[in-house]
Amino acid sequence: QVQLVESGGGLVQAGGSLRLSCTASGRTFSNYAMGWFRQAPGKEREFVAGIRWGGGSYADSVKGRFTISRDNAKNTVSLQMNSLKPEDTAVYYCAAKSGVATTRRYEYDYWGQGTQVTVSS
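Described in the following lines is the structure provided in the data block. (Residues numbered from 1 in each chain as written. Predicted model: local features only at pLDDT ≥ 70, side-chain atom pairs only at ≥ 80, totals over all residues. Heavy atoms only, no water.)

**Details of the state of the cysteines**
Part 1 of the reasoning: Evaluated as defined, the whole model comprises 1 disulfide.
Part 2 of the reasoning: Two residues, Cys22 and Cys94, share a disulfide whose sulfurs are 2.1 Å apart. The disulfide joining Cys22 to Cys94 has a torsion of about -75 degrees about its S-S bond and is therefore left-handed. Remark: Cys94 occurs in strand E9 (residues 90-98) and Cys22 occurs in strand E3 (residues 18-25); sequence separation between them is 72 residues. (Disulfide = S-S within 2.5 Å. Helix = DSSP H or I, 4+ residues; strand = E, 2+ residues; numbered from the N terminus.)

**Regarding the sheet that holds strand E1 (residues 3-7)**
Part 1 of the reasoning: Taken in spatial order, the 4 strands of this open sheet run E1-E3-E8-E7, and their pairing is antiparallel. Two strands lie at the open edges of the sheet, namely E1 and strand E7 (66-71), each paired on one side alone. Across this sheet, the average inter-strand angle for adjacent strands is 15 degrees, counted without regard to direction.
Part 2 of the reasoning: Pairing of E3 with strand E8 (residues 76-81) involves 6 bridges; the strand directions are antiparallel. If you follow Arg19 over to E8, its bridge partner there is Gln80. (Pairing = 2+ DSSP bridges. Axes fitted to C-alpha atoms, helices over the stretch in contact; angles between N-to-C directions.)

Right, dumping it as structure tokens:
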């Protein structure tokens, strides 16, 4: 089992920045690919960014604005979000899976409880 806890959400104006963090416990963190997903009201949960080794992969909607990183020594994965837009408003979830990071949410085995990000216009 892997337990994931997100933090760092909040309310920010359009154009602003937020940094989300996810702390993992329970298994060897470096063995897992990590992903960030988000879910807006009335919409399906969607892939935002993923990372296993080296650089991350991103949804087109956030490419160039968001950066995913991980610190295996601290068992954390972070999502730096810059130039935020109102359409980025959602609950953001951290997720873990074995193997490589993918964009498909059903392939992730472990999920955090989510953290709310609200971007005002």
